[in-house]
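Results of the structural survey
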Amino acid sequence: MRKGRRWSLRLKLIAGVALVHLVLMTLFVFDLAERQKEFLLNELVRRAIHHVQIIAATSSSWVIADDLVGMEEVLHSSVERGDVRFALITDLTGRVLAHTQRDKTGKYLVDQASVASMKSERTARVYASDETTLHAIAPIEVDGRHIGWSLLALDKQPTVRHLARVTETGLIYTVVAILVGTLFAVFLARSILRQLGLVMMGIDRLGRNQLD
């Protein structure tokens with residue numbers, strides 16, 4: 001078997017194995033990252049809605065009593081979690097009754113997304129989301145009577161950083177898998193081509209009637 005042809009077959013075999021590993025690992029990492037992203041974002045939405053509902057439930061008595069201190073205690077206890085950017089309580093007109101940023105207390109909401117969400121359905125939900133923040137709203141009710149709204153903004157950065165780490169780890173695994181697969185292909189090609197070379201040598205001798 002000619003040396004040039006042997007090297008050509010060896011390179012093709014190595015490249016084929018490496019390509020298969022590259023395609024399979026890329027698909028695996030992409031699928032894993034997408035699944036992780038969907039799961040974590042759904043979990044973040046669930047947490048935001050649950051959290052804003054707790055604020056609405058625990059602040060209702062303070063809203064009725066118009067107790068600013070009580071409302072502020074509820075809000076500040078809600079932001080003890082590091083992923084809450086801010087939280088607030090408003091009346092039905094959009095006037096801020098209490099805010100984790102005290103300088104905004106007494107003012108009216110001017111954010112169009114927040115104002116529009118208060119005019120929409122009276123349910124707890126996420127009403128806005130961008131690259132860094134998730135915004136949720138819940139109605140404050142007492143005996144079926146709607147008396148205000150609770151709103152909060154949840155930080156998405158920890159989730160984004162986690163997804164970046166997952167993707168980075170997946171890429172590292174892909175590179176390692178390609179390297180391992182390439183080394184395996186080198187040894188496999190050497191073994192196969194050695195046996196193939198012996199077969200071709202035997203055929204060549206047989207063609208020259210060298211039957212020893």
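Here goes a summary of the coordinates provided. Model, not experiment: these values are computed from the prediction.

Examining the pairing of strand 5 (residues 145–155)
- With ten of eleven residues buried, strand 5 is to be regarded as a mostly interior element.
- Sheet topology places strand 1 (residues 84–90) next to strand 5; six bridges connect them, and they run antiparallel. By the bridge assignment for strand 5, valine 84 is matched with leucine 154.
- As paired elements, strand 4 (residues 133–142) and strand 5 share ten bridges and run antiparallel to each other. Within the sheet, the bridge partner assigned to threonine 133 lies in strand 5 and is aspartate 155.

Observations concerning the pattern of salt bridges
- Under the counting rule described, the total for this entry stands at seven salt bridges.
- Among the ionic pairs, aspartate 155 bridges to arginine 85, the shortest N-O distance being 3.0 Å. Taken as a pair, aspartate 155 in strand 5 and arginine 85 in strand 1 lie far apart in primary sequence, 70 residues in all.
- You can call arginine 85 partly exposed: its relative accessible area is 40%.
- Taking the shortest distance from any N to any O, the salt bridge between glutamate 141 and arginine 122 comes out at 2.8 Å. Of the two residues, glutamate 141 is situated in strand 4 and arginine 122 in the loop between helix 3 (112–118) and strand 3 (125–129); the sequence distance between them amounts to 19 residues.
- Residue glutamate 141 is classed as partly exposed on the basis of its relative accessible area, which comes to 36%.

Some thoughts on the pairing of strand 4
- Of all ten residues that make up strand 4, nine are buried, and the element is covered over most of its length.
- Relative to strand 4, strand 3 is paired through four bridges, and the arrangement is antiparallel. Pairing of alanine 128 across the sheet is with histidine 135, part of strand 4.
- Between strand 3 and the antiparallel strand that follows it, strand 4, lie three residues.
- Following strand 4, the chain reverses through two residues before pairing antiparallel with strand 5; aspartate 143 in that reversal takes a positive phi of roughly 55 degrees.

Structural notes on the sheet that holds strand 1
- Across the sheet, five strands lie side by side as 2-1-5-4-3; this open sheet has antiparallel pairing. Because the sheet does not close on itself, it has two edges, and the strands there are strand 2 (96–99) and strand 3. Taken pair by pair, the neighbouring strands of this sheet meet at an average axis angle of 25 degrees, ignoring direction.
- Here strand 1 pairs with strand 2 via three bridges, running antiparallel. Across the sheet, the residue bridging to isoleucine 89 is alanine 98, located in strand 2.

Considerations on the environment of threonine 132
- For threonine 132, the location among the structural elements is in the loop between strand 3 and strand 4.
- Expressed as a C-alpha distance, the spacing of threonine 132 and threonine 159, which sit 27 residues apart in the sequence, is 9.5 Å.
- Residues within four places of threonine 132 in sequence aside, it is in contact with Arg85, Leu154, Asp155, Lys156 and Gln157.
- Within the structure, threonine 132 has its side chain in polar contact with the side chain of threonine 133 (distance 3.2 Å).

Let's talk about the environment of arginine 125
- Here arginine 125 lies in strand 3.
- Counting along the chain gives 79 residues from arginine 125 to arginine 46, while the straight-line C-alpha distance between them is 9.0 Å.
- A polar side-chain atom of arginine 125 sits 2.4 Å from the main-chain carbonyl oxygen of serine 117.

Calculation rules
Residues numbered from 1 in each chain as written. Predicted model: local features only at pLDDT ≥ 70, side-chain atom pairs only at ≥ 80, totals over all residues. Heavy atoms only, no water. Buried < 20%, exposed > 50% of the residue type's maximum accessible area, 1.4 Å probe, protein only. Helix = DSSP H or I, 4+ residues; strand = E, 2+ residues; numbered from the N terminus. Pairing = 2+ DSSP bridges. Salt bridge = Lys/Arg side-chain N within 4 Å of Asp/Glu carboxyl O. Axes fitted to C-alpha atoms, helices over the stretch in contact; angles between N-to-C directions. Contact = heavy atoms within 4.5 Å. Polar contact = N/O pair within 3.5 Å; in protein donor to acceptor, adjacent residues only side chain to side chain.

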